[in-house]
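Close look at the chain arrangement
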Amino acid sequence: MVGIMFLLMFILIFIGLPVFLSILGSGIIFLLITDMKPLLLVSQRFITGLDSFPLLAIPLFVLVGEIMDKGGISKRMIHWADELIGWLPGGLGVVTIVSCAIFAALTGSGPATVAAIGSIMIPSLTKSGYDKKTAAGMVAAGGALGPIIPPSIPMIIYGVTMGISIPKMFIAGIIPGIVMMLFLILVNFVIIKNNPKIMENDRKKFNFTELIKSTWSALGALLLPIIILGGIYSGIFTPTEAAAIGVVYSLILGMAIYREIKIYELPGALLKAMETSAMVGIIMGAANLLSWIMSVTNIGSTIALYLSEIITNKYVYLLVLMIILFFVGALMDTVAAIIIIAPVIVPFGLQLGIDPLHLGMIFVINLVIGYVTPPFGYNLFTAASITGLKFNDIVKGVLPFLIIELLTVLLFAYIPQIILFLPNILK
């Protein structure tokens, strides 16, 4: 019966029913057919699923991103990155990727990063000789760094769902995010090597005075991740408290210091944060019913027993997991995928001796790559909307960057020290 419930849930999702209704509907049908509990359980589990202090960080971090997006941060970050590394070969492409990484880390949103950085950098890239498809693909891939470099909403969801320390997940995401950024820069170097026109047009001289000026201009934004992450890791405040501090700091920065956020823009930012948070919350509440059904039916043990017959070691498990998550990330919302799939497939990996933090990060990073994986990658649609290119052209442009991101995840999976190095140092 549990198998039928999952089948029904996925059918409802893929025919277009909202995820939370698909989860609730399949769960309610299961309760009615099996006559296990009264339907009052549905509302009880829904409320229980939202009763979590760490979940309060989600609307606050979303609001930080919205304020930063409206506060003139993107232009300052791009100018600072341009003065810092724009003199390198293919400097404009390097500036684009680094700007995506920094801005995505500030906002935590892949699509917002693509829109903010892409609208500024794609015209400059094409003017310097980059193919427009390649420029759009570069920005789309760079935007996927956001949920990997902390703070990250998918990490919060995974931590709450699987009982993993959110601060540890945040710190574990720093090195993988930087490594993936460097590999994207490597792809850019390969592209410019095969296009001498870019090498001729895409160079500037290093100017130390301008670097100091741009650093001072962007200093407020650069300090935000230091304040948030430093406060969390030092134990001064929790991730939820850090998010609240981030809201206050970003408001002061955008309204009092940069003076680029107007009072009348705040309701729009609040509404956007409310919409995003409500979407996550309603899925979390609905998924708690699913978690209860899985617990009482002992489906996790059944799946682990089945997997143990076909998967004999953790290396095969990691490969199978990444293949599954690659397709799931391309077809399903990241939050829903974490809530639905992690409790089913992760426990078996833990039985095989994989470190819980390592496994959690692999899970999240794989799903985040879904942001740039057709047919439903959010970043791809955003890049298409700001460039006017056809979706197929965006896919062609992102392909080399997507391939390197997939290879990078393989590297993270089979060399766990890349993920675990910082958390082990800061124990």
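Residues numbered from 1 in each chain as written. Predicted model: local features only at pLDDT ≥ 70, side-chain atom pairs only at ≥ 80, totals over all residues. Heavy atoms only, no water.

The condition is simple: UniProt positions are given in the numbering used here, feature names are shortened, and annotations may be inferred rather than shown by experiment.
Under the heading Subcellular location (unreviewed entry), UniProt records this for the protein chain: "Cell inner membrane".

**Considering the packing of helix H20 (residues 378–387) against helix H21 (residues 391–414)**
Test applied: To define axes, lines are fitted to C-alpha atoms, for helices over the stretch in contact only, and angles between the resulting N-to-C directions are given on a 0 to 180 degree scale. Counting from the N terminus, the helices are the DSSP runs of H or I reaching at least four residues and the strands are the DSSP runs of E reaching at least two. Put simply, a crossing is left-handed when the front helix is turned counterclockwise from the back one by less than a right angle, and right-handed when it is turned clockwise. In this description, contact between two residues means that some pair of their heavy atoms is separated by no more than 4.5 Å. Under the grouping applied here, Gly and all other residues not named as nonpolar or charged are polar, the nonpolar ones being Ala, Val, Leu, Ile, Met, Phe, Trp, Tyr, Cys and Pro and the charged ones Asp, Glu, Lys and Arg.
Contact pair H20 / H21: the axes reach a minimum separation of 9 Å and the direction vectors enclose 115 degrees. For the pair H20 and H21, the sense of crossing is right-handed. Contacts from Leu 380, Phe 381, Ala 383, Ala 384 and Thr 387 of H20 reach H21 at Phe 391, Ile 394, Val 395 and Val 398. Here the contact of H20 with H21 is built from residues that sort into eight nonpolar, one polar and no charged.

**Some details on helix H7 (residues 110–127)**
Here is the rule we go by: Given the number of residues in a helix, its expected span is that number minus one, multiplied by 1.5 Å. Take the seven residues that end at a residue and the seven that start at it, fit an axis to each, and the angle between those axes is the bend at that residue. The buried label applies to any residue whose accessible area, calculated with a 1.4 Å probe on protein chains only, is under 20% of its type's maximum; exposed applies above 50%, and partly exposed to all values in between.
The first and last C-alpha atoms of H7 sit 24 Å apart over 18 residues, in line with the 26 Å expected at 1.5 Å per residue. Most pronounced at Gly 118, the bend in H7 amounts to some 50 degrees. Considered for burial, the residues of H7 that qualify are Gly 110, Ala 112, Thr 113, Val 114, Ala 116, Ile 117, Gly 118, Met 121, Ile 122 and Leu 125. One or two positions beyond H7, positive phi appears at Gly 129, with a value near 115 degrees.

**Structural notes on the nonpolar core**
Rules: Throughout, nonpolar core names a set of buried Ala, Val, Leu, Ile, Met, Phe, Trp, Tyr and Cys residues whose side chains join them through atoms within 4.5 Å.
Counting residues in hydrophobic clusters, the biggest one holds 147 residues, and the most contacted among them are Ile 73, Ile 157, Tyr 158, Tyr 317, Ile 340 and Phe 363. Looking at this core, the element that brings in the most residues is helix H15 (residues 266–297), giving 13 residues. What Ile 73 contacts, discounting residues up to four positions off in sequence, is Met 68, Phe 103, Leu 106, Ala 221, Leu 253 and Tyr 258.

**Things to note about the packing of aromatic side chains**
The following threshold applies: What counts as a ring pair is set by centres within 6.5 Å for rings of Phe, Tyr and Trp (its six-membered ring), and what kind of pair is set by the plane angle: stacked under 30 degrees, edge-to-face over 60, tilted for all other angles.
Applying the stated criterion across every chain, the model contains five aromatic pairs. Aromatic side chains Tyr 158 and Phe 363 sit 5.6 Å apart centroid to centroid with 45 degrees between the ring planes, which places their arrangement in the tilted category. Of this pair, Tyr 158 sits in helix H9 (residues 153–162) while Phe 363 sits in helix H19 (residues 356–368), and the two are 205 residues apart along the sequence. Assessed through its relative accessible area of 1%, Tyr 158 is described here as buried. Take Phe 363: its relative accessible area is 0%, and that puts it in the buried class.

**Side note on the environment of Leu 321**
Position of Leu 321 relative to the elements: it lies in helix H17 (residues 314–331). The buried category is assigned to Leu 321, whose relative accessible area is 1%. Setting aside anything within four residues of it in sequence, one finds Leu 321 in contact with Ile 345, Leu 359 and Phe 363.

**With respect to helix H11 (residues 174–193)**
For H11, spanning 20 residues, the distance from its first C-alpha to its last is 29 Å, which sits close to the expected 28 Å at 1.5 Å a residue. Taken together, the buried positions of H11 are occupied by Pro 176, Gly 177, Val 179, Met 180, Met 181, Leu 184, Ile 185, Val 187, Asn 188 and Ile 192.

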